[in-house]
Amino acid sequence: MTVRQVCISEVRDSVAAGKPTAMEWTDRFLAQIEKENPKINAYLAVGAERARSTAAAIDEQARKGEPLPALAGVPVGIKDVLVMQGLPATAGSKILAGYRPPYDATVVTRLETAGAILLGKLNCDEFAMGSSNENSAYGPVRNPAALDRVPGGSSGGSAAAVAAGMAVASLGTDTGGSVRQPASFCGVVGLLPTYGRVSRYGLIAYASSLDRVGPLTHTVRDAAILLGVIAGYDPMDATSSTEPVPDYLEALDRPVNSLRVGVPAEYFGEGLDPEVRAAVERTIEALRQAGCSIQPVSLPHTKYAIPTYYVLATAEASANLARFDGVRYGFRAPDADSLAAMYRKSRDLGFGPEVKRRILLGTYALSAGYYDAYYKKAQQVRALLTRDFVNVFQQVDVLITPTAPTPAFKLGEKTDDPLSMYLADIYTVTANLAGICGISVPCGKSREGLPIGVQILGRHFDEATTLRVAQSIESHCGENVARA
Amino acid sequence: MPISKDDVAYIAELANLELSPAEHARMLQDLNSILSHIGQLNELDTGEVAPMAQVSEQLAHGSVSDPSPPWLRADQLRPSLDRAQVLASAPDTDGVFFKVPKVIER
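Residues numbered from 1 in each chain as written. Chains lettered and ligands numbered in written order. Predicted model: local features only at pLDDT ≥ 70, side-chain atom pairs only at ≥ 80, totals over all residues.

**Regarding the overall build of chain A**
Turning to step 1, where the next piece is worked out: Summing up its helical and strand segments, chain A has 15 helices and eleven strands in all.
Turning to step 2, where the next piece is worked out: Relative to the 2.2 N^0.38 estimate, which gives 23 Å for 484 residues, the radius of gyration of chain A is 21 Å and therefore close to what a compact globule would have.
Turning to step 3, where the next piece is worked out: By its C-alpha atoms, chain A is 65 × 55 × 45 Å across when sized along the principal axes.
Turning to step 4, where the next piece is worked out: A buried classification covers 62% of the 484 residues belonging to chain A.
Turning to step 5, where the next piece is worked out: The contacts of chain A with a sequence gap of at least 6 include a subset with a gap of at least 24, amounting to 77%. (Helix = DSSP H or I, 4+ residues; strand = E, 2+ residues; numbered from the N terminus. Rg over C-alpha atoms; globule rule 2.2 N^0.38 Å. Buried ≥ 20, exposed ≤ 12 C-beta atoms within 10 Å, placed from the backbone. Contact = placed C-beta atoms within 7 Å.)

**A look at the nonpolar core**
All names here are of chain A.
Turning to step 1, where the next piece is worked out: Core analysis: the largest hydrophobic core is formed by 166 residues, its most contacted members being V74, V76, L82, L118 and L360.
Turning to step 2, where the next piece is worked out: Ranked by residue count, the leading element in this core is helix α9 (residues 305-320), at nine residues.
Turning to step 3, where the next piece is worked out: Sequence-distant contacts of L82, defined by excluding residues within four places in its chain, comprise A105, V107, V108, L171, G202, L203 and V213. (Core = buried A, V, L, I, M, F, W, Y, C linked by C-beta atoms within 7 Å.)

**Structural notes on the interface of chain A and chain B**
Turning to step 1, where the next piece is worked out: If you look at the interface, chain A gives 58 residues, while chain B gives 46 residues.
Turning to step 2, where the next piece is worked out: At the level of elements, α9, α10 (339-350), α11 (353-366), α12 (372-395) and α13 (418-423) of chain A are the ones that each hand at least two residues to the side of chain A that touches chain B.
Turning to step 3, where the next piece is worked out: Per-element tally for the side of chain A that touches chain B: the top contributor is α12(A), with eleven residues.
Turning to step 4, where the next piece is worked out: Here the side of chain A that touches chain B is composed, by residue class, of 27 nonpolar, 16 polar and 15 charged. (Nonpolar A, V, L, I, M, F, W, Y, C, P; charged D, E, K, R; others polar.)

**Looking at the pairing of strand β8 (residues 293-297) of chain A**
Turning to step 1, where the next piece is worked out: Relative to β8(A), strand β7 (residues 260-264) of chain A runs parallel, the two sharing five bridges. The residue bridging G262(A) from the neighbouring strand is Q295(A), located in β8(A). (Pairing = 2+ DSSP bridges.)

**Overview of helix α15 (residues 463-477) of chain A**
Residues and elements named next belong to chain A.
Turning to step 1, where the next piece is worked out: Here α15 contains 15 residues, and its C-alpha end-to-end distance of 20 Å stays within 8% of the 21 Å for a straight helix at 1.5 Å per residue.
Turning to step 2, where the next piece is worked out: Here α15 has its buried residues at E463, T466, L467, R468, V469, A470, Q471, S472, I473 and E474.
Turning to step 3, where the next piece is worked out: Looking at the packing, one finds that the buried side of α15 touches α7 (220-230), β7, α8 (274-289), β9 (398-402), β10 (437-445) and β11 (451-458). (Expected span 1.5 Å × (residues − 1).)

**Observations regarding the sheet that holds β9(A)**
Residues and elements named next belong to chain A.
Turning to step 1, where the next piece is worked out: On the basis of which strands lie adjacent, the open sheet formed by eleven strands has the order β1-β3-β2-β4-β6-β5-β10-β11-β9-β7-β8 and mixed pairing. Single-partner strands in this sheet number two, and they are β1 (43-46) and β8. Mean inter-strand twist for the sheet, computed between neighbouring axes without regard to direction, equals 30°.
Turning to step 2, where the next piece is worked out: Both β7 and β9 contribute to a ladder of two bridges, which runs parallel. (Axes fitted to C-alpha atoms, helices over the stretch in contact; angles between N-to-C directions.)

**Some details on the packing of α11(A) against helix α1 (residues 5-14) of chain B**
Turning to step 1, where the next piece is worked out: In the contact formed by α11(A) and α1(B), the axes pass within 9 Å of each other and the chain directions differ by 95°. Taken together, the axes of α11(A) and α1(B) lie roughly perpendicular to each other. In contact with L360(A), T363(A) and Y364(A) of α11(A), α1(B) contributes I11(B), A12(B) and L14(B).
Turning to step 2, where the next piece is worked out: For the contact of α11(A) with α1(B), the class distribution of residues is five nonpolar, one polar and no charged. (Parallel < 35°, antiparallel > 145°, perpendicular 65-115°, else oblique.)

**Side note on unusual backbone geometry**
Turning to step 1, where the next piece is worked out: Cis geometry marks the peptide bond from K19(A) to P20(A), where omega comes out at -10°.
Turning to step 2, where the next piece is worked out: Backbone geometry at N133(A) places phi at a positive 60°, although glycine is not the residue there.
Turning to step 3, where the next piece is worked out: Secondary-structure assignment places N133(A) in the loop between β3 (117-122) and α5 (156-163).
Turning to step 4, where the next piece is worked out: The class for N133(A) is buried, based on 34 C-beta atoms found within 10 Å.
Turning to step 5, where the next piece is worked out: In the Ramachandran plot, N16(B) falls in the positive-phi region, its phi being about 55° despite a non-glycine side chain.
Turning to step 6, where the next piece is worked out: Inspection of the secondary structure assignment puts N16(B) in the loop between α1 and α2 (21-38).
Turning to step 7, where the next piece is worked out: Judged by the 19 C-beta atoms lying within 10 Å of it, N16(B) is partly exposed.

**Details of the pairing of β9(A)**
Residue and element names in this part refer to chain A.
Turning to step 1, where the next piece is worked out: In terms of burial, β9 is largely enclosed, as five of its five residues are buried.
Turning to step 2, where the next piece is worked out: Relative to β11, β9 is paired through five bridges, and the arrangement is antiparallel. Paired with I400 across the bridge in β11 is I456.

**Description of α1(B)**
Turning to step 1, where the next piece is worked out: When α1(B) is considered as a whole, its buried residues turn out to be V8(B), I11(B) and A12(B). Angular distribution of buried residues about the axis of α1(B) spans 100°; they occupy a single face of the element. Opposite the buried face of α1(B), at more than 90 degrees from it, the exposed residues are D6(B) and A9(B).
Turning to step 2, where the next piece is worked out: Those residues of α1(B) that are buried are in contact with α11 of chain A together with α2 of chain B.
Turning to step 3, where the next piece is worked out: Looking at the residues trailing α1(B), positive phi occurs at N16(B), about 55°. (Arc of directions from axis to C-beta.)

**Let's talk about the environment of R323(A)**
Turning to step 1, where the next piece is worked out: One can find R323(A) in the loop between α9 and α10.
Turning to step 2, where the next piece is worked out: It is 10.0 Å that separates the C-alpha atoms of R323(A) and Y343(A), two residues lying 20 residues apart in sequence.

**Observations concerning the environment of P274(A)**
Residue and element names in this part refer to chain A.
Turning to step 1, where the next piece is worked out: By the element assignment, P274 lies in helix α8.
Turning to step 2, where the next piece is worked out: Take P274: there are 8 C-beta atoms within 10 Å of it, and that puts it in the exposed class.
Turning to step 3, where the next piece is worked out: Remark: the alpha-carbon pair of P274 and T406, spanning 132 residues in sequence, is separated by 8.6 Å.

**Details of the confidence of the model for chain B**
All names here are of chain B.
Turning to step 1, where the next piece is worked out: In the predicted model, chain B carries a mean pLDDT of 84, and the fraction of residues at 70 or more is 82%.
Turning to step 2, where the next piece is worked out: Here residues 58-64 is modelled with pLDDT under 50, and outside its nearest four sequence neighbours on either side it reaches 15 contacts, counting other chains as well.
Turning to step 3, where the next piece is worked out: Complex prediction metrics read pTM 0.95 and ipTM 0.89. (pLDDT = per-residue confidence, 0-100.)

What follows is the structure in structure tokens.
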């Protein structure tokens with residue numbers, strides 16, 4: 001795929017000069033979507049009218065010589081679990097077919113206020129449940145790096161759109177790895193902000209104690225810029241944090257030689273593809289050359305992260321998805337002769353198999369007689385997993401791990417065995433359980449040319465250090481960014 | 001602990017899901033496979049550990065011990081969503097209410 005990748009600063013600077021204008025950039029990206037989307041299937045809906053209206057307003061400001069906001073003219077895609085007023089929001093599901101939200105998500109409002117051109121809604125696994133974007137009711141997304149491969153999930157459309165030049169950046173969501181893993185599979189940057197850093201108002205909820213909104217971009221700098229725009233307290237989200245938002249660009253280029261980087265043994269065990277291991281080890285060596293102190297560490301409860309996640313996330317999901325019942329919005333099964341029948345038929349016809357599986361699992365874990373054995377137990381193990389991180393961050397400033405155990409697998413390869421799909425999340429779910437921040441950065445390619453990502457994990461609200469280490473990695477190992 | 005066909009039927013009823021016989025059989029197999037993996041959690045002794053319901057409790061910011069929690073607003077009426085816009089998405093409405101099939105069988 002030979003598409004010239006542009007970054008935020010290139011677009012914004014050119015829009016300020018009026019060459020090209022925001023409208024010209026918008027038309028260029030809309031044309032790229034028309035050309036590439038039929039084979040990639042990243043976009044479910046394109047909002048050309050709204051995009052052009054924002055572009056016209058930005059160009060008017062530029063013509064008058066007024067100062068332009070941080071994302072002026074920058075084309076961005078939005079994962080279809082985040083609502084945009086008047087545009088379809090499907091969450092990748094048939095149960096929301098035809099639904100048009102009456103409001104904007106806070107992150108959407110913040111992006112538009114910063115001048116971003118919102119191009120449309122991006123395909124994803126149904127209700128953000130999946131690791132390959134094969135669970136979408138609207139067809140799978142294909143990996144632009146290799147069309148017979150998955151882009152990862154659940155934010156597969158978000159990663160693929162950026163990788164294929166159909167957006168300069170996108171928003172995805174990450175509940176168990178769904179921003180970082182597709183970023184790794186598609187060769188782009190994916191940031192997981194600390195829980196509470198970014199508002200969830202307007203995010204169709206999957207698991208409320210785990211869901212995060214995060215940017216996918218070509219470069220670490222662009223991820224830092226986007227985070228600065230979307231981060232911050234929101235009175236509409238009771239879990240959003242009042243922790244002040246620092247200037248994420250300020251420390252980005254500072255040398256990393258005073259930093260301590262931990263390498264957790266449990267993330268380098270069996271099941272890790274040798275080429276991924278080699279790429280990550282080369283990255284660790286690059287950080288050592290840059291002067292970082294590299295230390296072996298241990299996160300002893302790591303192996304319990306997947307079972308913990310699949311109890312807590314599914315339990316929360318079973319509660320969050322109870323609202324999809326055919327009453328107020330979305331799909332309602334016709335010919336139901338009673339309310340109860342309407343609920344059951346609408347949900348049976350509207351939900352896909354993975355969603356049903358997780359609802360059933362979660363319902364079981366919460367049901368009388370099993371609550372203590374499953375749900376309460378998982379909450380206790382969550383506390384132990386979090387304590388592992390808090391302890392380790394006394395010794396080191398960040399952790400470095402692979403993002404995923406393998407590069408992108410083939411479409412259909414893991415769809416028969418749900419458990420094997422779940423086990424692919426092993427390196428990412430821990431950060432969601434503990435609430436900490438993280439990022440995936442491209443660090444190499446497999447012999448077959450498939451992207452490989454490396455993950456940096458940081459302390460709660462220490463995105464600045466995480467980004468700084470990621471920036472250093474990108475400067476030493478980055479090969480996916482073609483700048484003008 | 002493995003679950004039975006009847007267990008799946010019971011859980012489906014709790015979750016308001018109607019499963020076809022093929023789906024039922026598939027779910028029984030998948031759920032048992034996943035639950036057997038989840039059983040690993042019993043290897044850990046968690047007797048003294050407080051359950052962690054959400055991340056926010058672990059952070060000092062906006063915790064329930066904060067005397068002036070920022071997440072509670074003053075109890076004042078203010079506009080919500082526009083009714084017409086909300087009802088525009090409704091499968092069946094009379095313009096004021098959401099209309100549904102009868103609730104009570106007589």
